[in-house]
Amino acid sequence: ALHDHVNDVDKVVVTGAGGKPIATMARGADGWTIAEKNGFAVDLGKLREFLLKLADVKLVEQKTANRDKYATLGVEDVASADAKGVEVELGGLAAPAKIVIGSANAHGGTFVRRAGEAESWLASGTINVDKKVENWLRKEIADVPANRVASVTITRPDGKLVRIAKDSESDASFRLADVPKGRESADFAINGIAGSLAGLRFDDVVPAKDAAPPEKPLDARFATFDGLVVDVVAWEKDGRNYAQITASEDRDQEARHAASKPKEGTDDTSVAIDKQVAEINQRAKGWTFVLPAYKYANLNKTIDDLLKPLEEKKPDAKKPAPAKKGG
């Protein structure tokens, strides 16, 4: 019945060993959300792909109805602390459906059992059910490519500034401010900072009230040529990299950018910036994100990190080597 009623599903509950809910996903007024993550948004693409995969499954061959042999196939009751499979419950259908999805068969297919029924089956296809709740979340926060960025200002916890900027969008590299005399900046490392918001995704998320920044966090402000401003407050705690994110609009910068472009399409740019600000804030407001380590590392830079290494001074070839003693 699922095949023709995928769009009717309004609840998906994934339960693991010991009867512990992994992800309770439900469709409500705000769309699909996950209860175990305080109502954060579900990755709809992932959820729909899973439901369509499940809808296409065919029962291929009957297997054991002996409870003592369920564990061999991974289809034992998930109330067991040692259960290998997961139970998936679907709500919104004419009759609620529960299925235990067990181990993959070495020769193809997946072992399954309808919850409450004795018979187990080999089903067609490989049915993968993610056992990590964070992997069911919609993880995109923002996507601001480096070529849009005009400047980045990082205020470190000690108050020191790291500033990079471009004069125009056509510039190949960013300039580092406050380069010490006699030193050169490392363009690759600098450009890496500017790309921090490109395809920005999180590893995990918690309510902002449960993970507030310290008194002196790392503050990074990204400003684009077309007027988008993204502020990132970041810090490290207990081996995890946290961030809170806010978007805003610099209308003066937006106006200067529009004036430098052909009149046609400038209104569209303003609308696009308004939309992006709203989207980022809708996803980020009230939340603290756990960032991937490499994204946090891009922000956590000092001036020294962005300079080329000092060259070792080589001995003067013209100067004679000191004479050996006793010879």
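All values derive from a computational prediction rather than experimental measurement. (Residues numbered from 1 in each chain as written. Predicted model: local features only at pLDDT ≥ 70, side-chain atom pairs only at ≥ 80, totals over all residues. Heavy atoms only, no water.)

## Focus on the overall build of the protein chain
Within the protein chain, the secondary structure is distributed over six helices and 19 strands. Relative to the compact-globule value of 20 Å for 327 residues, the protein chain shows a C-alpha radius of gyration of 28 Å, a clear excess of over 25%. By the burial criterion, 39% of the 327 residues in the protein chain qualify as buried. Put simply, of all contacts in the protein chain between residues at least 6 apart along the chain, 63% involve residues at least 24 apart. Per element, the accessible surface of the protein chain, about 18,800 Å² overall, is 49% carbon and sulfur. Averaging the coordinates of the 49 positive side-chain charges in the protein chain and doing the same for the 51 negative ones gives two points 6 Å apart. (Helix = DSSP H or I, 4+ residues; strand = E, 2+ residues; numbered from the N terminus. Rg over C-alpha atoms; globule rule 2.2 N^0.38 Å. Buried < 20%, exposed > 50% of the residue type's maximum accessible area, 1.4 Å probe, protein only. Contact = heavy atoms within 4.5 Å. Areas by Shrake-Rupley, 256 points an atom, 1.4 Å probe, with all protein chains shown as cover. Lys, Arg positive; Asp, Glu negative; His and termini not counted. Charge placed at Lys NZ, Arg CZ, Asp CG, Glu CD.)

## Here's the deal with helix H1 (residues 44-55)
Along its 12 residues, H1 runs 16 Å from first to last C-alpha, staying within 8% of the 16 Å computed at 1.5 Å per residue. Residues of H1 that are buried include every one of Leu47, Phe50, Leu51, Leu54 and Ala55, and no others. All buried residues of H1 lie within an arc of 135° about the axis, which places them on one face of the element. A side-chain oxygen of the first residue of H1 lies 3.1 Å from the backbone nitrogen of Gly45; this N-cap is Asp43. (Expected span 1.5 Å × (residues − 1). Arc of directions from axis to C-beta. Polar contact = N/O pair within 3.5 Å; in protein donor to acceptor, adjacent residues only side chain to side chain.)

## Comments concerning the packing of aromatic side chains
Using the criterion set out here, one finds six aromatic pairs in the structure. A centroid spacing of 6.4 Å and a plane angle of 85° characterise the contact between Phe40 and Phe289, whose relative ring orientation is edge-to-face. Here Phe40 is found in strand E4 (residues 40-41), whereas its partner Phe289 is found in strand E19 (residues 287-290), with 249 residues between them in sequence. Since its relative accessible area comes to 6%, Phe40 is described here as buried. Residue Phe289 is classed as buried on the basis of its relative accessible area, which comes to 1%. When the ring of Phe50 is compared with that of Trp136, the centres are 5.8 Å apart and the planes differ by 80°; the resulting orientation is edge-to-face. Residue Phe50 is located in helix H1, and its partner Trp136 is located in the loop between strand E9 (120-123) and strand E10 (140-142); the two are separated by 86 residues in the primary sequence. The same class applies to Phe50 as to Trp136, namely buried. One aromatic cluster in this structure is built from Phe40, Phe202, Trp287 and Phe289. Directly above the aromatic system of Trp136 lies the positively charged group of Lys46, at a separation of 5.2 Å from the ring centroid. The aromatic ring of Tyr70 is capped on one face by Arg113, whose charged end is 4.5 Å from the ring centroid. (Phe/Tyr/Trp six-rings, centres within 6.5 Å; stacked < 30°, edge-to-face > 60°. Lys NZ or Arg CZ within 6 Å of the ring centre and 35° of its normal.)

## Regarding the environment of Leu52
Looking at the element boundaries, Leu52 is found in helix H1. On the basis of relative accessibility, which here comes to 37%, the residue Leu52 falls in the partly exposed class. As a C-alpha pair, Leu52 and Val144 span 92 residues in sequence and 32 Å in three-dimensional space.

## Remarks on unusual backbone geometry
Positive phi values are uncommon outside glycine, yet Asp178 reaches one of about 65°. As for its placement among the helices and strands, Asp178 is situated in the loop between strand E13 (175-176) and helix H3 (187-194).

## Remarks on the sheet that holds strand E12 (residues 161-165)
In space, the eight strands of this open sheet follow the order E13-E12-E11-E16-E17-E18-E19-E15, with antiparallel pairing throughout. Two strands in the sheet have a free side with no partner beyond their single neighbour: E13 and strand E15 (204-207). As paired elements, strand E18 (residues 240-249) and E19 share two bridges and run antiparallel to each other. Its bridge partner lying in E19, Tyr242 is registered against Val290. Across the sheet, H3 lies against strand E11 (149-155), E12, E13 and strand E16 (218-224), angled at about 95° from E11, the strand it touches most. (Pairing = 2+ DSSP bridges. Axes fitted to C-alpha atoms, helices over the stretch in contact; angles between N-to-C directions.)

## Details of the nonpolar core
Val12, Met25, Phe50, Val129, Val232, Ile245 and Phe289 are the most contacted members of the largest nonpolar core, which totals 69 residues. Looking at this core element by element, the count peaks at five residues for H1. When near neighbours in sequence (up to four residues on either side) are disregarded, Ile245 contacts Ile141, Leu200, Val230, Asp231, Val232, Ile280, Ala284 and Phe289. (Core = buried A, V, L, I, M, F, W, Y, C linked by side-chain atoms within 4.5 Å.)

## With respect to H3
Every buried residue of H3 is accounted for by Ile190, Ile193 and Ala194. One side of H3 carries all its buried residues, which in axial view fall inside an arc of 105°. Next to the buried residues of H3 lie E11, E12, E13, E16 and helix H6 (293-299).

## A word on the environment of Ile141
Relative to the assigned elements, Ile141 resides in strand E10. Taking relative accessible area as the criterion, Ile141 reaches 0% and is therefore assigned buried. Put simply, Ile141 and Arg240 are 99 residues apart on the chain and 18 Å apart in space, counted from C-alpha to C-alpha. Sequence-distant contacts of Ile141, defined by excluding residues within four places in its chain, comprise Leu200, Arg201, Phe202, Ile245, Ile280, Arg283, Phe289 and Leu291.

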